[in-house]
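# What the coordinates show
Each chain is listed here by its residues.
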Amino acid sequence: MKYLVLFLSLLSYPLYSQSNGVGLGPFRIGITTPDSLHQPGFQEQELVVVKGTLALACTNMRVFKADAVELQGITIAALFLVFHENRLYRITCEFDEPLQTAFVAQHGKGQKRPAKRLALCDQSNAKRLVLESESWQLGDCVALAIRAVGTNARCEPEQTSRLTIASPSVASITSECDLDHLDPYFEGIGVKR
């Protein structure tokens, strides 16, 4: 049994050992742990559940949210940090103008993807929701900015911009867990995780 535990722990280690420290400020993919969150604004969120269920929990995942965090003079709003086996693998936040300017200055322009137009509301005056996205390959991580403008599924006007930085290798093994509330349009743009 001892060897099985050692073997399984070695299998999961490479998912994080390749990380090059990509992230936002002190929050680094594969490096940051929940215990290292010393900022008082973070609140642990409810357990993440398996998609399509109400009670089947993804027990190896934890999500922390801060309404706003200041990093290097820039306020990051609606910041979510997602941990798998106590290692950060996904960062999602609002992608407003100051953050966009700083991010592009550091990483350059991303690769734009074709816009998608979705009819999510069946009211006659509803505008199609337009999803525009831009992506960056950051070492072994991927960053994706999604902008949504139009009418959402609740038939309300929507104008939002979100940035997600993630480790695709960990995202693929956690794809059954429901994280749609972090960025409801992440799946809608057809991202292969």
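## Here we look at the packing of aromatic side chains
The final tally for this structure, using the stated rule, is 5 aromatic pairs. Ring centres of Phe103 and Trp136 lie 4.9 Å apart, and the angle between their planes is 80°; on these two criteria the pair is classed as edge-to-face. Highlighted residues: Phe103 in helix α3 (residues 97-107) and Trp136 in strand β8 (residues 129-138), separated in sequence by 33 residues. Each member of the pair Phe103 and Trp136 is classed as buried. Through successive ring pairs, a cluster of aromatic residues spans Phe95, Phe103 and Trp136.

## Quick look at unusual backbone geometry
Of note in the backbone geometry, Glu85 takes a positive phi value of approximately 50° without being a glycine. Residue placement: Glu85 occurs in the loop between β5 (74-84) and β6 (87-94). The partly exposed category is assigned to Glu85, whose relative accessible area is 41%. At Asn86, a residue that is not glycine, the phi angle is positive and equals roughly 65°. Mapping Asn86 onto the fold places it in the loop between β5 and β6.

## Overview of the pairing of β8
It is a general feature of regular strands that their side chains alternate between the two faces of the sheet. Across the 10 residues of β8, 7 count as buried, placing the element largely inside the fold. Here strand β7 (residues 111-118) pairs with β8 via 6 bridges, running antiparallel. Residue pairing in the sheet places Arg113 in a bridge with Ser133 of β8. If you look at the hairpin formed by β8 and strand β9 (residues 141-151), you'll find 2 residues sitting between the two strands, and Gly139 has a positive phi there, around 65°.

## So, the nonpolar core
Counting residues in hydrophobic clusters, the biggest one holds 28 residues, and the most contacted among them are Phe27, Phe42, Leu79, Leu81, Ile91, Leu163 and Ile165. Those elements giving two or more residues to this core turn out to be β4 (61-71), β5, β6, α3, β8, β9 and β10 (157-166). Per-element accounting of this core gives the leading share, 5 residues, to β5. The contacts of Leu81, once residues within four sequence positions are left out, are Phe27, Leu37, Phe42, Arg62, Val63, Phe64, Leu88, Arg90 and Ile91. Residues Cys58, Met61, Val170 and Leu182 belong to the second largest nonpolar core, which totals 13 residues.

## So, the confidence of the model for the protein
Mean pLDDT for the protein: 83, with 85% of residues reaching 70 or above. Predicted confidence for residues 1-19 stays below pLDDT 50, and this span has 15 contacts to residues more than four positions away or in other chains. Long-range and interchain partners of residues 188-193, a stretch whose pLDDT sits below 50, account for 18 contacts in this model, where long-range means more than four residues apart.

Calculation notes
- Residues numbered from 1 in each chain as written.
- Predicted model: local features only at pLDDT ≥ 70, side-chain atom pairs only at ≥ 80, totals over all residues.
- Heavy atoms only, no water.
- Phe/Tyr/Trp six-rings, centres within 6.5 Å; stacked < 30°, edge-to-face > 60°.
- Helix = DSSP H or I, 4+ residues; strand = E, 2+ residues; numbered from the N terminus.
- Buried < 20%, exposed > 50% of the residue type's maximum accessible area, 1.4 Å probe, protein only.
- Pairing = 2+ DSSP bridges.
- Core = buried A, V, L, I, M, F, W, Y, C linked by side-chain atoms within 4.5 Å.
- Contact = heavy atoms within 4.5 Å.
- pLDDT = per-residue confidence, 0-100.

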